[in-house]
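Summary of the model geometry
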Amino acid sequence: MSSLSPQASPSPVSLTRHLLEEQRAGRINADLRLLIEVVARACKSISIAVGKGALGGVLGDAGSDGEASINVQGEAQKKLDVLSNEILMEANAWGGHLAGLASEEMDHSVPISDAQPRGNYLLLFDPLDGSSNIDVNISVGTIFSVLRCPDGVTTPGDEHFLQPGTAQVAAGYCTYGPSTMLVLTIGHGTHAFTLDREIGSFVLTQRGMTIPEETREFAVNMSNQRFWEAPMQAYVGDLLQGREGPRGKDFNMRWVASMVADVHRILTRGGIFSYPLDSKCAAKGGKLRLMYEANPMSLLVEQAGGAASTGRQRMLEVRPTGLHQRVPVFLGSRAEVEAAVRYHHEHDSQEQGDG
């Protein structure tokens, strides 16, 4: 009779264990590790609120007397927008790892109170991206970005947050769908953690996510087509011609209208996500927010081998000019992002030549 026992399956790696291993490898320090853990705990609380849905009395618009509350972006706030913002603000106010916070839902950044211990990091977040989908039970999520507070600054203002995406020390999102997943990068790959509801911990379920370089799938809001610039019209027009067109292959289109859900699909199986410049949003510079959405998602995508651009510039190299600055966004499979950028550059070159 063999004395060999069945080989034990490896024990699951919790988020805490993963971050401790990264700290021991010298990739992060204790403060950044603890900061990420605080954000993850806040996301678990948001997940519970989202999961209760109508049972928690948190669906519908925020506000009183039938009037919807409007945020700094000029958008109607949902009750869960407000609740999620409060959860993240409260969780991070006393941890001692931050010098200040900025939220998509607030006009200005908020320095950590003098009454609380302060750290050396700045946290930016979109507390509940895609919240317009809440009432119809479609996946939504939280997006966050971490920057270093500039040396010598103890009470940071809005201007201290205006750092390019290359300066991010960590970024991630949490998607609240059939399962709750945290997707995270600290600049050494992009990793996915799934919330084990029975033990209340995020567990590593995909190490080193990789976006395929080529794709046959694109995500864009086609209802805006008539407002797009000429290069975007040409790019999508060629995609729609399929195998008989200049691209030589058939493409499928997907559009959830929740950036977290659309980007998560791309990180999982490839594709390109586009929210181009159009005549409706041109005066604002674009639709999506550089600091709260585009930069953190771009870092995650680049760390997974993909690419991210405004159509004319690498996203992470954009120099921010305002806390709520908006930009056009193209991100996902590297070859397809490069193709979209090529259409813009060729159009711009022709315009300059004609001029």
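First, a word on what this report is: a plain description of the structure on this page. Please read all numbers here as calculations on a predicted model, not as lab measurements.

1. A closer look at the overall build of the chain
Looking only at helices and strands, one finds seven helices and 17 strands in the chain. For 355 residues, the compact-globule estimate of 2.2 N^0.38 gives 20 Å, and the C-alpha radius of gyration of the chain, at 21 Å, lies within 12% of that figure. For the chain, the C-alpha atoms occupy an extent of roughly 70 × 65 × 45 Å along the three principal directions. In the chain, which comprises 355 residues, the proportion classed as buried is 55%. Pairs at least 24 apart in sequence give 63% of the contacts found in the chain among residues at least 6 apart. With an accessible surface of roughly 15,900 Å², the chain has 49% of that area assigned to carbon and sulfur atoms. Across the chain, the centroid of the 31 positively charged side chains sits 5 Å from that of the 41 negatively charged ones.

2. What to know about the sheet that holds strand 13 (residues 272-275)
The five strands are arranged 12-11-13-17-15 in an open sheet whose pairing can be described as mixed. On the outer flanks of this sheet lie strand 12 (252-253) and strand 15 (307-309), each paired with one strand and no other. Bridge count for strand 15 against strand 17 (residues 329-332) is three bridges, and the pairing is antiparallel. Among the inter-strand pairings, Ser309 is bridged to a residue of strand 17, identified as Phe330. Contacting strand 15 and strand 17, helix 6 (residues 290-303) runs over the sheet at an angle of about 25° to strand 17.

3. What to know about the layout of surface pockets
Here the second largest pocket is characterised by a volume of approximately 280 Å³. Lining the second largest pocket we find 15 residues, and of these Val50, Gly51, Asn137, Ile138 and Tyr176 sit closest to its centre. At three residues, the largest contribution of residues to the lining of the second largest pocket is made by helix 2 (residues 30-52). Class assignment of the residues belonging to the lining of the second largest pocket gives a composition of six nonpolar, seven polar and two charged.

4. Concerning the packing of helix 1 (residues 15-24) against helix 2
Relative orientation of the contacting elements helix 1 and helix 2 amounts to 165°, with a least axis distance of 10 Å. In this view, helix 1 runs roughly antiparallel relative to helix 2, as classed from their interaxial angle. In this structure, helix 1 crosses over helix 2, and the sense of that crossing is right-handed. Across from Leu15, Thr16, Leu19, Leu20 and Gln23 in helix 1, the residues of helix 2 making contact are Ala30, Arg33, Ile36, Glu37 and Ala40. Each residue belonging to the contact of helix 1 with helix 2 can be placed in one class, and the counts come to six nonpolar, two polar and two charged.

Cut-offs used in this document
- Residues numbered from 1 in each chain as written.
- Predicted model: local features only at pLDDT ≥ 70, side-chain atom pairs only at ≥ 80, totals over all residues.
- Heavy atoms only, no water.
- Helix = DSSP H or I, 4+ residues; strand = E, 2+ residues; numbered from the N terminus.
- Rg over C-alpha atoms; globule rule 2.2 N^0.38 Å.
- Buried < 20%, exposed > 50% of the residue type's maximum accessible area, 1.4 Å probe, protein only.
- Contact = heavy atoms within 4.5 Å.
- Areas by Shrake-Rupley, 256 points an atom, 1.4 Å probe, with all protein chains shown as cover.
- Lys, Arg positive; Asp, Glu negative; His and termini not counted.
- Charge placed at Lys NZ, Arg CZ, Asp CG, Glu CD.
- Pairing = 2+ DSSP bridges.
- Axes fitted to C-alpha atoms, helices over the stretch in contact; angles between N-to-C directions.
- 1 Å grid on protein atoms, 1.4 Å probe; cavity = no way out; pocket = protein on both sides within 12 Å on 5 of 7 lines; lining within 4 Å.
- Points joined across faces, edges and corners; volume = space filled by probe spheres on them.
- Nonpolar A, V, L, I, M, F, W, Y, C, P; charged D, E, K, R; others polar.
- Parallel < 35°, antiparallel > 145°, perpendicular 65-115°, else oblique.
- Left-handed = near helix turned anticlockwise from the far one by under 90°.

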